[in-house]
Amino acid sequence: MGIRGELFTTQVVLDNRTYFFNVKENRTGDVFLQVVESKSKNGEDFDRHAIVIFAEDMQKFFKGMDESLSFIEKDRKERKKKQLERKEAAAKMDSAGKKKIYRSKREVAPAEERKHSSVKRTGRVHVVSKRKDSE
């Protein structure tokens with residue numbers, strides 16, 4: 001048995017995090033899995049969080065994890081399918097000859113409507129104070 005009851009240790013290194021999977025044995029002989037997440041704060045200090053799963057609870061824990069992974073995979077496939085459907089619908093719209101019309105900021109209203117409007121449209125915003133002037 002290793003230091004602090006460690007029987008087996010492996011690590012997974014990601015961009016800014018490292019995960020340690022430690023199989024340990026306590027003083028009474030109970031075997032458990034300790035999962036530690038170590039995240040670099042500012043390059044010097046590390047923020048560490050750990051969870052412990054005892055041997056008798058591992059089946060339930062991993063069943064829950066498997067269900068979560070299945071949901072994530074199913075959700076990922078559904079999202080990808082919806083994205084493909086949206087792309088196909090957009091391609092059909094374009095092939096049907098319907099094109100989107102883009103207008104510039106100045107081209108808000110047709111020219112005829114702009115001629116008869118009493119509002120001068122400069123494209124700038126004029127803010128009027130709502131405060132009453134003190135007399």
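This text goes with the structure placed above it.
Now for a look at the structure at hand. Residue positions are counted from 1 within each chain, in the order its sequence is given. The predicted origin of the model limits local features to residues at a pLDDT of at least 70 and limits the giving and counting of side-chain atom pairs to 80 or more, whereas totals for whole chains, interfaces and linings rest on all residues. Excluding hydrogens and water, the side-chain values take into account all heavy atoms of the structure.

## Points about the overall build of the protein chain
Working step 1: On a plain count of helices and strands, the protein chain comes out with 2 helices and 4 strands.
Working step 2: For the protein chain, the α and β elements follow one another from N to C terminus as β-β-β-β-α-α.
Working step 3: In the protein chain, which comprises 135 residues, the proportion classed as buried is 10%.
Working step 4: The contact definition used throughout considers only heavy atoms, calling two residues in contact when any of these lie within 4.5 Å. For the protein chain, long-range pairs separated by at least 24 residues make up 10% of all intrachain contacts whose partners lie at least 6 apart in sequence.
Working step 5: Each accessible area value is a Shrake-Rupley result obtained with a 1.4 Å probe; residue values ignore everything except the protein chains displayed when judging cover. Taken as a whole, the protein chain presents about 13200 Å² of accessible surface, with 52% of it coming from carbon and sulfur. A run of H or I in DSSP counts as a helix once it spans at least four residues, and a run of E counts as a strand once it spans at least two, with each numbered from the N terminus. Here the term buried applies to any residue with accessible area under 20% of the maximum for its type, exposed to any over 50%, and partly exposed to those in between, with areas from a 1.4 Å probe on protein chains only.

## Describing the pattern of salt bridges
Working step 1: Salt bridges are defined as contacts in which a side-chain nitrogen from Lys or Arg sits within 4 Å of a carboxyl oxygen from Asp or Glu. Under the criterion given, the structure shown has 3 salt bridges.
Working step 2: With its nearest N and O atoms 2.5 Å apart, the salt bridge here joins Arg76 to Glu73. With Arg76 and Glu73 both in helix α1 (residues 58–95), this residue pair falls 3 residues apart, about one helical turn.
Working step 3: Judged by its relative accessible area of 33%, Glu73 falls in the partly exposed class.
Working step 4: Between Asp75 and Arg79 there is a salt bridge, and its shortest N-O distance comes to 2.8 Å. Taken together, the residues Asp75 and Arg79, both in helix α1 and 4 residues apart, mark about one turn of the helix.
Working step 5: Residue classification places Asp75 among the partly exposed residues on the basis of a relative accessible area of 23%.

## Regarding the side chain of Lys24
Working step 1: Here Lys24 is to be found in strand β2 (residues 17–25).
Working step 2: When near neighbours in sequence (up to four residues on either side) are disregarded, Lys24 contacts Arg4, Gly5, Glu6, Leu7, Asp30, Val31, Phe32 and Gln34.

## Considering the sheet that holds β2
Working step 1: In this scheme, strands are said to pair when DSSP sees at least two bridges between them. With respect to topology, 4 strands assemble into an open sheet ordered β1-β2-β3-β4, the strand pairing being antiparallel. Of all the strands in the sheet, the pair left with one neighbour each is β1 (6–13) and β4 (46–54). Looking at each pair of strands side by side, their axes are set apart by 15 degrees on average, direction ignored.
Working step 2: In this sheet, strand β3 (residues 31–40) lies alongside β2 in antiparallel orientation, the contact comprising 9 bridges. In the strand pairing of β3, Thr18 is matched with Ser38. Every angle, taken between N-to-C directions, lies between 0 and 180 degrees, and every axis is a line fitted to C-alpha atoms, over only the stretch in contact when it is a helix.

## Comments concerning the side chain of Thr18
Working step 1: Structurally, Thr18 is set in strand β2.
Working step 2: Every residue in contact with Thr18, bar those within four places of it in the chain, is listed here: Gln11, Val12, Val13, Val36, Glu37 and Ser38.

## Considerations on the packing of aromatic side chains
Working step 1: Only Phe, Tyr and Trp rings take part, Trp by its six-membered ring, and two of them pair if their centres are within 6.5 Å. Stacked means planes under 30 degrees apart, edge-to-face means over 60, and tilted covers everything else. Enumeration over the complete set of coordinates arrives at 2 aromatic pairs.
Working step 2: Geometrically, the ring pair formed by Phe32 and Phe54 is tilted, given 5.4 Å between the ring centres and 50 degrees between the ring planes. Of this pair, Phe32 sits in strand β3 while Phe54 sits in strand β4, placing them 22 residues apart in sequence.
Working step 3: The partly exposed category is assigned to Phe54, whose relative accessible area is 30%.
Working step 4: Centre to centre, the rings of Phe61 and Phe62 are 5.3 Å apart; their planes meet at 75 degrees, and the pair counts as edge-to-face.

Note that every value here comes from positions in space, so none of it alone points to a role or purpose.
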